[in-house]
Amino acid sequence: MRSVYLAGFEVFLPDAVAHGQRLKALCATYGFEGLFPLDNTAPQDLSGAALAQWIYRENVALIRRADMVMANLNAFRGTEPDSGTAFEVGYAIACGKPVWGYTSQAGSLIDQVAVGAAADDGAARMVDADGYTVEDFGLNLNLMLACSARIVVGKASDCLARMAQDASGGR
């Protein structure tokens, strides 16, 4: 059974462990073994920076152990995916792991965050509320995520279905 590291901000839910169990059960229905970051139980004597280092090491080890990664790339605390999840995607890609991401955002970044146009030196560009240029490649995520992972618009179940279809050669 192929293993899937389940990257996402669900670890911050009040019922995170139970949610992780539901995600792992969903993985099993598609023939995958889910690896959830909270599968590891931290030593009781750790706190603060020492606990943070332990969590980092354990999550990186789970990613290395996994055959592939599925990442929740929905917006978290703003308009962008969770920064920890983005790191996990990048780390997995660097390790040569296939990465799948899912998001409910189908529209381009321009559709999602642009509030107006600006012109500098005669070149028009779309900008966000702070005046930063919004990349215009027609992608629903930053190009570093959209070009490195297979992106599915939908939920975790939609993503797992596509992963299973891909694993079976599209049959």
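What comes next is a walk through the structure. (Residues numbered from 1 in each chain as written. Predicted model: local features only at pLDDT ≥ 70, side-chain atom pairs only at ≥ 80, totals over all residues. Heavy atoms only, no water.)

## Considering the pairing of strand β4 (residues 99-103)
Along any regular strand, the residues point their side chains to alternate faces of the sheet. Within β4, five of the five residues are buried, which leaves the element mostly enclosed by the surrounding structure. Side chains of β4 alternate between two faces, with V99, G101 and T103 and W100 and Y102 buried alike. Where strand β3 (residues 68-72) lies against β4, four bridges are found, and the strand directions are parallel. From the neighbouring strand, M70 faces β4, where its bridge partner is W100. Of the crossover connections in this fold, the one passing from β3 over helix α3 (residues 83-94) to the parallel β4 is right-handed. The sheet contact formed by β4 and strand β7 (residues 150-153) spans four bridges and is parallel. Bridge assignment links W100 to a residue of β7, and that residue is R150. (Buried < 20%, exposed > 50% of the residue type's maximum accessible area, 1.4 Å probe, protein only. Helix = DSSP H or I, 4+ residues; strand = E, 2+ residues; numbered from the N terminus. Pairing = 2+ DSSP bridges. Right-handed = clockwise from strand over helix to strand, strands pointing away.)

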